[in-house]
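Report on the structure
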Amino acid sequence: MSEAADRLAAVEANIAEAARRAQRPVKDVRLIAVSKTHDAAAIRPLIAAGQRDFGENRVQEAAAKWPGLRAETPGIALHLIGQLQSNKAEEAVALFDAIHSVDRASLVHALAKACAKAGRQPQLFVQVNIGDEEQKGGCAVAGLPALLAAAADAGLTIDGLMAIPPADVEPAPYFALLDELAERSGLPLRSMGMSGDYETAVMLGATHVRVGTALFGMRGQAQAKG
Ligand SMILES: *Cc1c(COP(=O)(O)O)cnc(C)c1O
């Protein structure tokens, strides 16, 4: 097996074990391999090992890398996990199967327009600023009901919530809060958990985990900010 295949098998085994401990069906958890900053040569071994869901944080970078890779292998699902500018909504709707970063009413309106024009809607997650941190992206916890109402008014289906907990503190309470917010809002999907904490996230209800470093190794220093 390649190194990529080894890493993938290890992450999949950890997810299966966390799901087993939480008495959840492992098929309810989707592993997104976060390939931002990594080139096609680094991505191909994971595709060869069977991975099909990939995450990118920039529309431009994804548009440069993925059409070629998709032509090589059918069945790839692409997830946008980074902030989206409203003027790139059309391009994002055309390229991605899921957008995890819906965070404001102006973007909801841009996406509604783009989806109507394209005649398709990617799966959509509202990103919640789960720790109410000043610098962090995502909609405020208190603003979630209004944003969900705006999406419904615009004719968009929101499928779930996404969050990135505050750094350097125990993430479990934030995962539990995101799960509770999703439950209260009647949304089936929860995108939470990264390389350092995906097992905890699975135990607390994650349906999508976004794992980069544990699958690809460290991102280059110069590219660390994506
Ligand atoms: C980069 C990134 C990840 C993956 O982080 P790792 O720690 O490398 O697993 C997950 N989610 C988001 C939103 C990211 O930007």
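Going by the structure above, here's the rest.
The text that follows walks through the structure, step by step, so that each part is easy to find. Because the structure is predicted, anything quoted here is derived from the model rather than measured.

So, on to the pairing of strand β1 (residues 30-34). For β1, the tally of buried residues reaches four of five residues, placing the bulk of the element in the interior. Between the parallel pair β1 and strand β2 (residues 53-56), the chain is carried across by helix α2 (residues 40-48), and the sense of this crossover is right-handed.

With that settled, consider the packing of aromatic side chains. Going through the model one piece at a time under the given rule, you end up with one aromatic pair. Consider the rings of Phe-54 and Trp-66, whose centres lie 4.9 Å apart with planes at 40 degrees: the pair is tilted. Taken together, the positions of Phe-54 in strand β2 and Trp-66 in helix α3 (residues 59-72) put the pair 12 residues apart, joining distant regions of the chain. One exposure class covers both Phe-54 and Trp-66, and it is buried.

Between its first and last C-alpha atoms helix α1 (residues 3-21) spans 27 Å; for 19 residues at 1.5 Å apiece the expected length is 27 Å, and the two agree. Of the positions making up α1, those classed as buried are Ala-4, Ala-5, Leu-8, Val-11, Ile-15, Ala-18 and Ala-19. Along the axis of α1, the buried residues cluster in a sector spanning 155 degrees; they form a single face. Of the residues in α1, the exposed ones pointing more than 90 degrees away from the buried face are Glu-3 and Arg-20. Those residues of α1 that are buried lie in contact with β1, α2, α8 (198-203), β9 (208-211) and α9 (213-216). Of the residues one or two after α1, Gln-23 is the one with positive phi, at around 55 degrees.

Attention now moves to the packing of α2 against α3. At a closest axis distance of 11 Å, the pairing of α2 and α3 adopts a crossing angle of 35 degrees. Crossing geometry of α2 relative to α3 is assigned as right-handed. Between α2 and α3, the residues in contact are Ala-40, Ile-43, Arg-44 and Ile-47 and Lys-65, Trp-66, Leu-69 and Glu-72, respectively. Grouping the amino acids of the contact of α2 with α3 by side-chain chemistry returns five nonpolar, no polar and three charged.

What follows concerns the site of the ligand. What surrounds the ligand is the set Val-34, Lys-36, Ile-81, Met-162, Ile-164, Met-194, Ser-195, Arg-210, Val-211, Gly-212, Thr-213 and Arg-219. Residue Lys-36 places a side-chain N or O atom 2.7 Å away from an oxygen atom belonging to the ligand. Contact distances for the ligand include 2.5 Å between an oxygen atom and a side-chain N or O atom of Ser-195. When the ligand is considered free in solution it has 390 Å² of accessible area, and contact with the protein chains removes 89% of it. By residue class, the composition of the shell around the ligand is six nonpolar, three polar and three charged.

Turning next to the side chain of Lys-36. Turning to its location among the elements, Lys-36 is positioned in the loop between β1 and α2. No salt bridge is formed by the buried Lys-36; its nearest oppositely charged neighbour, Glu-56, is found at 8.7 Å. Apart from residues lying up to four places away in sequence, Lys-36 is in contact with Gly-55, Glu-56, Asn-57, Glu-61, Lys-65 and Arg-219.

All right, on to α2 then. The periodicity of an α-helix, 3.6 residues per turn, causes residues three or four places apart in sequence to face the same way. Of all the positions in α2, only Ile-43, Leu-46 and Ile-47 are classed as buried. Buried residues along α2 cover an arc of 100 degrees about the axis, so they all sit on one side. With respect to the buried face of α2, the exposed residues turned more than 90 degrees away are Ala-41 and Ala-48. The inward-facing, buried residues of α2 contact α1, β1, β2, α3 and α9.

Rules and cut-offs
Residues numbered from 1 in each chain as written. Predicted model: local features only at pLDDT ≥ 70, side-chain atom pairs only at ≥ 80, totals over all residues. Heavy atoms only, no water. Buried < 20%, exposed > 50% of the residue type's maximum accessible area, 1.4 Å probe, protein only. Helix = DSSP H or I, 4+ residues; strand = E, 2+ residues; numbered from the N terminus. Right-handed = clockwise from strand over helix to strand, strands pointing away. Phe/Tyr/Trp six-rings, centres within 6.5 Å; stacked < 30°, edge-to-face > 60°. Expected span 1.5 Å × (residues − 1). Arc of directions from axis to C-beta. Contact = heavy atoms within 4.5 Å. Axes fitted to C-alpha atoms, helices over the stretch in contact; angles between N-to-C directions. Left-handed = near helix turned anticlockwise from the far one by under 90°. Nonpolar A, V, L, I, M, F, W, Y, C, P; charged D, E, K, R; others polar. Near = heavy atom within 4 Å. Polar contact = N/O pair within 3.5 Å; in protein donor to acceptor, adjacent residues only side chain to side chain. Areas by Shrake-Rupley, 256 points an atom, 1.4 Å probe, with all protein chains shown as cover. Lys, Arg positive; Asp, Glu negative; His and termini not counted. Salt bridge = Lys/Arg side-chain N within 4 Å of Asp/Glu carboxyl O.

Shape descriptors only; they carry no functional weight alone.
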